[in-house]
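# An overview of the molecular structure
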Amino acid sequence: MKTPYLEIDLSKLRSNAKNLVTQFGTRGIGITGVTKSFLGEPRIANCLVSAGIISLGDSRIENIIRMKEANMQAHFTLIRTPSINDAHEVVSYTDVSFNTELSIIAALSKSAIEQKKVHDIVLMVEMGDLREGIPIQELGTTFEKVLKMKGVRIVGLGTNLACLSGVRPTRYNMDKLSRLAGIYERSYGITLHLISGGNSANFDWLQENDNVGRINNIRLGEVILLGRETLSRRHIEGLHLDAITLVAEVIESKIKPSLPEGQTGQDAFGNTPIFENKGKMLRSIIALGKQDVHVGGLMPILDVDILGSSSDHIILDTTRTPLHVGDKIRFGVNYAALLSSMTSPFVRSVYI
Ligand SMILES: *Cc1c(COP(=O)(O)O)cnc(C)c1O
């Protein structure tokens, strides 16, 4: 088989997804499966659907269109604020979009009227992480203005934490979101059906709090795929950590010194590398590099060390576990490695 490839174990993914559907479901929280890290690949998305995740969310309209064109039966949410120029496609292809800007909501309204549709929107609230969100003091005027627009309907509130600034979802900020929902429902005589409290970083909050308030939706990507919550990257018991692994092939394996010979300057990427003298070592090169994957996010499954990498090569110290040309070596991936390898045109996906 041609290397490198991501090996995607669909039965492990399905098992992870089912486990989370049950854990969150028993607390009255539905899961939106986030498909952006795998570009909406229908085989993986369908695997989530078969585990009972009927709502899928992606930050990119292209990925949602890909899934719709593959005839997938699910409820699709655009979880990043649309670009104004995408308004038409967002109304055509998604059931809901997350929004923070009146001018964009106005564009959605216009497209929805043209398409004789009503487009549902969730208003994202800024609660401290300082990525997307409407500041709380501006929520009232946003509601007032959007409620006057035709073709769009506010169906819920959402927030996103622990992404840009690492702010933890806690009882305090989750209860605040629940309270805001109640306040605006009473002020405007509406019902907010969807209160979307966060992402894979909401795991500890779920376990530590008996009362989840009005939160009835969580958007999960990483924890389903990689089996870890995302505040401390703790393994969630019962979830597989190795549903997705990356396989690459050895193309050189030779005994060489551990220290470079000659005068040194910058490496290919402008860094000045420092090496430790460990005497002679078995150095194996694999046909995988920075153009394929974020190398810092690779975790070798064998007992080898990553010494360095360039665009197309990763150099391993394989003294303790000798590798030969043609051998395949497998790595666990973190989120950065998953995103980058899924996006590289050189890395295939193999499903088992
Ligand atoms: C990416 C994303 C998610 C999913 O985050 P994970 O950490 O992968 O669970 C949820 N919500 C929004 C708005 C996102 O952009």
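By convention here, each chain's residues receive numbers from 1 onward along its written sequence. With the structure being a predicted model, the display of local features is reserved for residues of pLDDT at least 70 and the display and counting of side-chain atom pairs for 80 or more, all residues being used for whole-chain, interface and lining totals. Processing note: side-chain calculations cover all non-hydrogen atoms of the structure and skip hydrogens and water entirely.

Labels follow the DSSP assignment, with helices taken as runs of H or I lasting at least four residues and strands as runs of E lasting at least two, numbered in each case from the N terminus. Across its full length, the protein chain holds 10 helices and 16 strands. Counting only C-alpha atoms and orienting by the principal axes, one finds that the protein chain spans roughly 75 × 45 × 40 Å. Expressed as a percentage of its 352 residues, the buried residues of the protein chain come to 49%. Pairs at least 24 residues apart make up 65% of the contacts formed inside the protein chain by residues separated by at least 6 positions. Here the protein chain displays about 16500 Å² of accessible surface, and carbon together with sulfur accounts for 51% of that area. In this count, Lys and Arg are taken as positive residues and Asp and Glu as negative ones, while His and the chain termini are left out. Lysine's charge is taken at NZ, arginine's at CZ, aspartate's at CG and glutamate's at CD. Here the protein chain holds 39 positive side-chain charges and 37 negative ones, and the gap between their average locations is 3 Å. Think of it in three bands: with a 1.4 Å probe and only protein chains considered, a residue is buried below 20% of the maximum accessible area for its type, exposed above 50%, and partly exposed in between. Residue contacts follow a heavy-atom distance rule, with two residues in contact if any of their heavy atoms lie within 4.5 Å. All accessible areas in this document rest on Shrake-Rupley with a 1.4 Å probe, and a residue is counted as covered only by the protein chains that are shown.

What follows covers the site of the ligand. When we say a residue is near a molecule or strand, we mean one of its heavy atoms is within 4 Å of it. Taken together, V34, K36, I79, R131, E132, N160, N199, S200, R219, L220, G221 and E222 make up the full set of residues near the ligand. The separation between an oxygen atom of the ligand and a polar side-chain atom of R131 is 3.1 Å. Bound to the protein, the ligand loses 93% of the 390 Å² it would expose on its own. Three classes are used: nonpolar for Ala, Val, Leu, Ile, Met, Phe, Trp, Tyr, Cys and Pro, charged for Asp, Glu, Lys and Arg, and polar for all others, with Gly counted as polar. Taken together, the residues of the shell around the ligand sort by class into 3 nonpolar, 4 polar and 5 charged. Think of a polar contact as two N or O atoms within 3.5 Å of one another; within protein, one of them needs to be a possible hydrogen donor and the other a possible acceptor, and neighboring residues in sequence only count if both atoms come from side chains.

The next subject is the pairing of strand β4 (residues 75-78). Only strands joined by at least two bridges in the DSSP assignment are considered to pair. As paired elements, strand β3 (residues 55-58) and β4 share 4 bridges and run parallel to each other. Bridging from a neighbouring strand, L56 pairs with F76 of β4. Taken together, β3, helix α3 (residues 61-69) and β4 constitute a β-α-β crossover, and its handedness is right-handed. Where β4 and strand β5 (residues 96-99) come together, 2 bridges link them in parallel fashion. If you follow T77 over to β5, its bridge partner there is V96. A crossover counts as right-handed when, viewed with the strands pointing away from the observer, the path leading from the first strand over the helix to the second turns clockwise.

One less than the number of residues in a helix, times 1.5 Å, gives the span that helix is expected to have. In this model helix α6 (residues 136-147) runs 17 Å from its N-terminal to its C-terminal C-alpha over 12 residues, within 8% of the 16 Å that 1.5 Å per residue would give. Inspection of α6 places L139, G140, T142, F143 and V146 among the buried residues, and these make up the whole buried set. Residues of α6 that are buried make contact with α5 (102-114), β6 (119-124), β7 (152-158) and α7 (171-188).

The domain boundaries here were taken from an automatic or database domain assignment. For the protein chain, the domain assignment lists domain 1 (10-226) and domain 2 (244-351). Taken over C-alpha atoms, the centre of domain 1 sits 38 Å from the centre of domain 2. Facing the 11 residues of domain 1 at the interface are 9 residues of domain 2. When the two sides are added together, the surface that domain 1 and domain 2 hide from each other amounts to roughly 940 Å², 76% of it contributed by carbon and sulfur. No other element matches the 3 residues that helix α9 (residues 222-226) contributes to the side of domain 1 that touches domain 2. Residue classes in the side of domain 1 that touches domain 2 are distributed as 6 nonpolar, 1 polar and 4 charged. Once two parts are joined, some of their accessible surface, as seen by a 1.4 Å probe, is lost; buried area is that loss totalled over both.

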